[in-house]
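# Understanding the architecture of this molecule
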Amino acid sequence: MKYSIFSLARAALNGHKNWPRTWRDAAPKKHYDVVIIGGGGHGLATAWFLASRYGIKNVAVLEKGWIGSGNAGRNTTIIRSNYMLPGNIGFYELSMKLWETMEQDLNYNTMVSQRGIVNLYHSDAQRDAYARRGNAMRINGIDAELLDQDGVRKMMPFLNFEHARFPIQGGLLQRRAGTARHDAVVWGYAHAADKLGVDIIQNCEVTGFTRDKAGKVIGVETSRGAIGAGKVGMSVAGSSSRVAAMAGLRLPIESHVLQAFVSEAIKPLIPGVVTFGAGHFYVSQSDKGGLVFGGDIDGYNSYAQRGNMPTMEDVCEGGMALMPIIGRVRLLRQWGGIMDMSMDGSPIIDRTPVEGLYLNAGWCYGGFKATPGAGLTFAHLLARDEPHEEAARYRLDRFRTGWTIDEKGMGAQPNLH
Amino acid sequence: MRIACPYCGPRENGEFSYLGDATPVRPSLEQGVDAMLDYVFLRDNVAGEMQELWYHGGGCRAWLKVTRNTLTHEISAVEAARGAGAAKVGKR
Amino acid sequence: MSSQSHRLASGGLIDRSTPMNFTFDGKPMTGYAGDTLASALVANGVRLVGRSFKYHRPRGILTAGSEEPNALVELRSGARREPNTKATTAELYDGLEAASQNRWPSLRHDFLSVNQLASPIFVAGFYYKTFMWPAALWEKLYEPLIRRAAGLGRAAEAPDPDSYEKAWAHCDVLVAGGGPTGLAAALAAGRTGARVILCDEGTQFGGRLLSDGGEIDSMPSGEWAAKALAELEALPNVRIMARTTVTGVYDGGVHSALERVSDHLPVPPAHTPRQRLWRIVARRSVVAAGAIERPIVFPGNDVPGVMTASAMRTYISRYAATPARRIALFTNNDDGWKTVEAALAAGLAVAAVVDSRAEISAAQRETARGAGFAILNGAVDRVDGGKDGIGSISVALAGGARATVEADGLAVSGGWNPALALTSYHRGRPKWRNDIAAFVPDSPPPGMHAAGAANGSFGLAACLADGHAAGASAASDLGFSKSAGKASSAADAPETPLSPVWHVAGKGKAFVDYQNDVTASDIELSAREGFQSVEHLKRYTTLGMATDQGKTSNVSGLAIMAAVTGRSIPETGTTIYRPPYVPTSMGALAGTNRGEHFHATRLTPSHHWAEEQGAVFVDTGLWKRAQWYPRAGEKDWLESVTREVRTVRSGVGFCDVSTLGKIDVHGPDAGAFLDRVYINTFSTLAVGKARYGLMLREDGMVYDDGTTSRLAEDHYFLTTTTAKAGPVMQHLEFCRQVLFPELDVQLTSVSDQWAQFSIAGPKVRDLLREIVDPEEDLSNEGFPFMGVREVALRGGIRARLFRISFSGEMAFEISVPARFGDALVRNLMRAGEPFGIIPYGTEALGVMRVEKGHVAGPELNGTTTAGDLGLGKMMSSKKDYIGRTMAGRDALTAPDRQVVVGIRPTDKARRLRSGAHLIPMGEMPEPSTDHGYVTSVCFSPMLDQWIGLGLLARGRDRIGEVMRAHDPLRGEDYDVEICNPVFYDPEGGRQRG
């Protein structure tokens, strides 16, 4: 049933008794052309692009829990394409363009809301770095504006312009950036992929790879039995190393915990997304009214999906330094996700040394905004066996060649990216 | 998280900074590029008990080897990291 | 409505001698000390207190605790306005102002209650199916409407004027909750000598005893609680913390707790914070957080006047306030009946008890007979009413017949859910117990134990025994062997088991999550559409996502989902519990680190003197550094900076460079150690000489640079950049301790120990001769370029003198112990007066370094190699060093890398800006023609034009090429010439002197 205000109104007449499942509860078949491990946003988007753009519909998405139960369901929902380096900049803009048509493409309201992002700067050096970044964006056809202090004040008069330890001097604005409803992205891709025949198989944990005599991956072992596959794609951010290890691979990735926070719902206060340049704090306000915010990763390897107090306090200090009017707004909930922190802060979309096994990993804390872009480019790689031109630099061997993509300039120290 | 520094006693993890897996040993120049690539860029990324390097920058500036479970964050041992990444230990 | 129309003439734990005035929505009312805002509202006959989130339904008070979903208000006003404050936990104070929220124009007449008319469409997740066309209207129309309607209260409009604190506490046993269980646990642990902290979120200890009474150790429970508290207060090893909620548990036994220090006062007293965030490190903890009574889901269960049974008797017994004159009870368990007893004791009428169980005890029948009310075996399947309260209560009787009950208050008890949050914060999943139809804790965090109602032991006797045992065993685990004393005892009446009732079907909306307006049919719809996992259910319907985090709704919701999908409740499972247990103000979490105190401020040794000179300061990391020293008559910073540069280049000036990181490297292997961390060689450096050094990261990129001197055979003095002072120290300690333990070398950070000044300009020697002991030879021969020596100053202080130059002028750096820094500056100024000495700031320093083509932060950006910086020749091939192997990778040695070049606009009058990109002439700016960018710029007084440095692909082959500086952000595009990065004195004759 197509979703629209009309179908909704019709359904209201009989108490919404006839809505079908948003996606079928598929049981695994014996064999698929492509098996995607990981029913997060990336995996489901990959399946949808395979089916809708590359004509490969005999696809299964295997999810060990419930779709969207990993990082897709626990991020801070920000979308943006304010990257700087070749390799990143085109990819994230491709992704941003896909966000802009997502709802119509999927017939699902994912609440893509382009309310803008402002990265604040507090020093001349930061301004210069943002000027470099913003100009790189403009040269790549991406919107960017450099605001001075007055420009920021006009947009967000509630920020701390007085008595600040590091006064706000201005900001880099991308108006097309914003937020999207993270769970809806998962469900939207599931809904649309399912309609094209993709099997979404929940509670199906991959426990091993099936290899032929030459070592090629020809399927997966799962908690719901063996499933044959022409190709296997991994989209399991947070668990990439664990899954790759089943194929004997070691990755340039560490798993780290990133915490996120939401306040009680309040009436609209913050127009878009704002990031503090003098501390670890960024925030947006959800449509429900909660301030959704976060900061830096805790900094130690973790698979626990929860963090500790020093980081929480550091983030809240940043929040209060930036917006002292929220002193009496209450933090409602803190949570944590497992980040695939890569060695240069950029992702990997590539073939692996194991034939038949393809990798989409290493998204650090930036995977959500990449969802449609990663879906398209990973689907391209799986379908064509060659990288999509906008993801061509996300090579696994770039650490060997040295062509790393290091936006922060921190080198092979994952917890500093 | 509390780390029991052998020199300073138990302290909150905010006093420490983290480097990562304590197992890899820095290869010598003679071991060549592959060994160094492995050392610098590849990780076991252990899910479970792991030996790792922490620096007590907010205290005694000792590098510590901490045995910690990455699934539960439970710490079972803390010792000085002296020589943990050294290829030449014992050969002197 | 007369004031306190619903206050009983006597009884309760309120202080009638202390009346308090307050207002609700501007209307003046009175209450008493000891009231909560909710109990005072009840006493004033207020039923309608708020509007729900989505449908804007009229809502009353549901509970009497921190689980309240409905009675949220904006408390206080102006800069102290607190949105979403639970009236049920807000203590009344004289002058309290509260306002209802999420309504317009008024609570009684809320425009958005029209949403109820659209409720057939506004079902769970409806917004995912619509608002898609046309795409542009989402941001312009739909979303703004949704956003305005959503949200609850309003944040304050000015910075929070109150202060907050943080504190640490350490104990052996932390007891969370001061009810009978917690008091028993604290007594047992405290008597053994263990250090105990007992926290309770309320003002008074006793928990349910304050409402339910009963007898303990043959005395009234209130008396027992007072005695227990007195004993605890007398124990020096026990700390009692009222108004303190344990909100979370983290690794290593760290618990967070929020103390509401001044929230019960109109404003915090002087020098007293509003709230204090505690980090309590406990070796063991006992969770005695009690249980939360759950409502039953039936149509109309949200009509104001419907209340949990325990809340209703709390208002009656503890606060002597009557939510209703004539009450009915809907229960599935014996505990609910206590509300009937409380009502009768207060002289209220009881209309009926609707009990879902067929088996009713003789005592209960006797109560009903005595009070003259009916016991109806069945279930309430509809409450009619509205903002003025309950109209009528419809009951479906067990046999199929129907009954109607006339009452103005309905107490509901669906059983009790242990407060699981703390025990589940480490992701331990609770386990289901059929006998009490509730989840109980399982696999709690290390060292934590749940006891009493929090562990599913609901009777008073069970709580006392359980609490005592938990406290005693926590202490004995830790080796406290003294006796825990005798456990207190009480008699629990025999109980008829509860029979679970989750949802009573009927016509109309039956609310599961009151605040978020999630109904039973929403859960059915969620199941129908495939959102059957509890996480999907939560996310699709928003069940449990409101400010109460589902404390009254989660278990009911998943029970309904279990029923709909034909699974058991434990199979259906729970969502993840996350801290904090009660919402915690951002102010408390930030503590004192806000405003100008967000981060520490570091001052240089010359800071106070510079302040006297009227210097303009700039933040460099945590440091405040003098940026320039304006003089009267100078029209802008550029004029001041230009004067400073000209003076240095023609006379003499000095600059505080104490912010550089300084590290003493001692030991016989110091030289060998430095050889391994720098790309160039230091072991061959002669004593008394300095050398510029460059460090790489292990991945081959440049990490940091600085000048390192050899002061003695076994003593080097290493400097780092200001920004990397801490990280380089950490890195060197890593190299020393972890990688190269065989080297006999020690590192000492001496950054704060030395005040260091660069003194530069052609007249520097003339000046120094006035400062330094006349015996010291400062001639070019006696103190050559890159020479280093300790010298005596006039007056006897020893100083270190380094003949090094960042400015390109004849220059020395002088360092003295930090405590002499201020005196040295004043002496320099005095001695330098005949030579026209000036201080110069970081801007002039930066201008001179750009003129000299020295790289700094913008070029050392973590992605440049030594070769990119023009320093490739420094890389020794005779030794291993950090980064050597990886620096040889293809990309790091590729010929088309971006390398440092000089840049100047072809139009000399043109200003150059950092961040402009470099595009070949005649090309359109696009990714393939983006060849580099401008990293650093300055106005060069020497060249009389703007100049800069940049990183440009194949830059060294392009000297003389004219390119476009493309700066669309600032609307600029102009021609620049690529040149050698050393603009001034390229031969270096001036510094060699």
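About the thresholds
Residues numbered from 1 in each chain as written. Chains lettered and ligands numbered in written order. Predicted model: local features only at pLDDT ≥ 70, side-chain atom pairs only at ≥ 80, totals over all residues. Helix = DSSP H or I, 4+ residues; strand = E, 2+ residues; numbered from the N terminus. Buried ≥ 20, exposed ≤ 12 C-beta atoms within 10 Å, placed from the backbone. Contact = placed C-beta atoms within 7 Å. Nonpolar A, V, L, I, M, F, W, Y, C, P; charged D, E, K, R; others polar. Pairing = 2+ DSSP bridges. Axes fitted to C-alpha atoms, helices over the stretch in contact; angles between N-to-C directions. Parallel < 35°, antiparallel > 145°, perpendicular 65-115°, else oblique. Left-handed = near helix turned anticlockwise from the far one by under 90°. Domains from an automatic or database assignment. pLDDT = per-residue confidence, 0-100.

Helix and strand counts for chain B stand at one helix and six strands. Along the first, second and third principal axes, the C-alpha set of chain B runs to 40 × 30 × 20 Å. Out of the 92 residues belonging to chain B, those deemed buried represent 38%. Within chain B, residue pairs in contact and separated by at least 24 positions form 52% of the contacts whose partners lie at least 6 positions apart.

Time to look at the overall build of chain C. Secondary structure summary: chain C contains 23 helices and 50 strands in total. In terms of overall dimensions, chain C has a C-alpha envelope of 115 × 75 × 55 Å along the principal axes. Across the 993 residues of chain C, 60% fall into the buried class. Contacts spanning at least 24 positions in sequence make up 67% of the contacts within chain C whose residues lie at least 6 apart.

Taken residue by residue, the interface counts 95 residues in chain C and 87 residues in chain A. Secondary-structure elements contributing two or more residues to the side of chain C that touches chain A are strand S6 (82-86), helix H2 (137-149), strand S14 (254-259), helix H11 (520-528), helix H12 (534-541), strand S30 (584-585), helix H15 (586-590) and strand S49 (962-967) of chain C. Here the side of chain C that touches chain A is composed, by residue class, of 38 nonpolar, 25 polar and 32 charged. Alignment of strand S16 (residues 330-342) of chain A against S30 of chain C, held across two bridges, turns out to be antiparallel. Across the sheet, residue Leu331 of chain A finds its bridge partner in S30 of chain C, namely Thr584 of chain C.

All names here are of chain C. With seven of nine residues buried, H11 lies mostly within the body of the structure. Residues of H11 that are buried include every one of Ala520, Asp522, Ile523, Glu524, Leu525, Ser526 and Ala527, and no others. Of the surrounding elements, those touching the buried residues of H11 are strand S28 (511-513), strand S29 (518-519), H12 and helix H13 (554-565). Residue Gly530 follows H11 closely and has a positive phi angle near 95°.

Before going further, it helps to spend a moment on the sheet that holds strand S34 (residues 653-656) of chain C. All names here are of chain C. Taking strand neighbours across the sheet as the criterion, the six strands line up as S41-S42-S43-S40-S34-S44 in an open arrangement whose pairing is mixed. Looking at strand neighbours, the two that pair on one side only are strand S41 (788-792) and strand S44 (838-839), the edges of this open sheet. When strand S42 (residues 798-802) meets strand S43 (residues 811-817), the two strands line up antiparallel, connected through three bridges. Residue pairing in the sheet places Leu801 in a bridge with Ile814 of S43. Across the sheet, helix H21 (residues 821-832) lies against S34, strand S40 (754-760) and S43, angled at about 20° from S40, the strand it touches most.

Before going further, it helps to spend a moment on the interface of chain A and chain B. Contact with chain A, which involves 20 residues of that partner, is made by 21 residues of chain B. Of the residues in the side of chain A that touches chain B, the class split is nine nonpolar, seven polar and four charged.

Here we come to unusual backbone geometry. Of the consecutive residues Trp104 of chain C and Pro105 of chain C, the connecting peptide bond is found in the cis state with omega at 5°. Here the bond from Pro579 of chain C into Pro580 of chain C is cis, since omega is -5°, no more than 30 degrees from zero. Here Pro580 of chain C is to be found in the loop between helix H14 (569-572) and S30. Residue Asn107 of chain A is not a glycine yet carries a positive backbone phi of 55°. One can find Asn107 of chain A in the loop between helix H3 (89-106) and strand S4 (117-121). Positive phi is not limited to glycine here, since Asp217 of chain C has a value of about 50°. Within the element layout of this structure, Asp217 of chain C appears in the loop between strand S10 (215-216) and strand S11 (219-220).

What follows deals with helix H22 (residues 842-851) of chain C. Given 3.6 residues per helical turn, the α-helix brings residues three or four places apart onto the same face. Residue and element names in this part refer to chain C. The element H22 is extensively covered by neighbouring structure, given that nine of its 10 residues are classed as buried. Taken as a whole, H22 has its buried residues at Thr842, Glu843, Ala844, Leu845, Gly846, Val847, Met848, Val850 and Glu851. Trailing H22 by a residue or two, Gly853 shows a phi angle of about 70°, which is positive.

What follows concerns the sheet that holds S6 of chain C. Residue and element names in this part refer to chain C. Spatial strand order, S2-S1-S7-S5-S6: five strands in an open sheet with mixed pairing. Two strands in the sheet have a free side with no partner beyond their single neighbour: strand S2 (27-33) and S6. Pairwise comparison of adjacent strand axes, ignoring direction, gives a mean angle of 40° for this sheet.

Residues and elements named next belong to chain C. The two faces of S34 match: Gly653 and Cys655 on one face and Phe654 and Asp656 on the other face are all buried. The pairing of S34 with S44 spans two bridges and is classified as parallel. When the sheet's bridge partners are listed, Gly653 is paired in S44 with Ile838.

With that out of the way, let us pick up the packing of helix H17 (residues 637-650) of chain C against H22 of chain C. All names here are of chain C. In contact at an axis separation of 9 Å, H17 and H22 are set at 60° when each is read in the N-to-C sense. In terms of axis orientation, H17 runs oblique to H22. In this structure, the crossing between H17 and H22 has a hand that is right-handed. Residues Trp637, Val641, Glu644, Val645 and Val648 of H17 lie in contact with H22, whose contacting residues are Glu843, Ala844, Val847 and Met848.

With that settled, consider the domain arrangement of chain C. Each domain of chain C was delimited in the assignment, giving domain 1 (1-159), domain 2 (164-291 + 419-477), domain 3 (306-409), domain 4 (602-658 + 754-848), domain 5 (661-749) and domain 6 (895-993). A C-alpha centroid distance of 61 Å is found between domain 2 of chain C and domain 4 of chain C.

Burial analysis of strand S13 (residues 244-249) of chain C places six of its six residues in the buried class, the great majority of the element. Here S13 of chain C hands over to S14 of chain C after four residues, with Gly252 of chain C in that stretch at a positive phi of 75°.

The subject of this paragraph is the environment of Arg913 of chain C. Here Arg913 of chain C lies in the loop between strand S45 (898-905) and strand S46 (917-920). The class for Arg913 of chain C is buried, based on 20 C-beta atoms found within 10 Å. Put simply, Arg913 of chain C and Ser751 of chain C are 162 residues apart on the chain and 33 Å apart in space, counted from C-alpha to C-alpha. When neighbours within four sequence positions are excluded, Arg913 of chain C is seen to be in contact with Ala131 of chain A together with Val934, Val937, Asp967, Arg970 and Glu972 of chain C.

For the rest of this paragraph, the subject is the packing of helix H20 (residues 764-771) of chain C against H21 of chain C. All names here are of chain C. Following both chains from N to C, one finds H20 and H21 inclined at 115°, their axes separated by 9 Å at the closest point. The hand of the H20/H21 crossing is right-handed. Counted together, Leu767, Glu770 and Ile771 of H20 and Asn827, Leu828, Ala831 and Gly832 of H21 form the full contact between these two elements.

Time to look at the confidence of the model for chain C. A low pLDDT score tells you not to read the predicted coordinates there in detail. Across chain C, pLDDT averages 97, with 100% of residues at or above 70. Two summary scores accompany this predicted model of the complex, namely pTM at 0.97 and ipTM at 0.97.

Attention now goes to the environment of Asn13 of chain B. The topology assignment puts Asn13 of chain B in the loop between strand S2 (9-12) and strand S3 (17-21). Looking at Asn13 of chain B, the number of C-beta atoms within 10 Å reads 26, which means it is buried. Separated by 45 residues in the primary sequence, Asn13 of chain B and Gly58 of chain B have C-alpha atoms spaced 9.6 Å apart. Apart from the residues within four sequence positions on either side, Asn13 of chain B is in contact with Asn308 and Pro310 of chain A together with Met1 and Ile3 of chain B.

Turning next to the environment of Asp714 of chain C. Along the chain, Asp714 of chain C turns up in the loop between strand S37 (702-712) and strand S38 (715-720). Judged by local crowding, Asp714 of chain C falls into the partly exposed class, with 17 C-beta atoms found within 10 Å.

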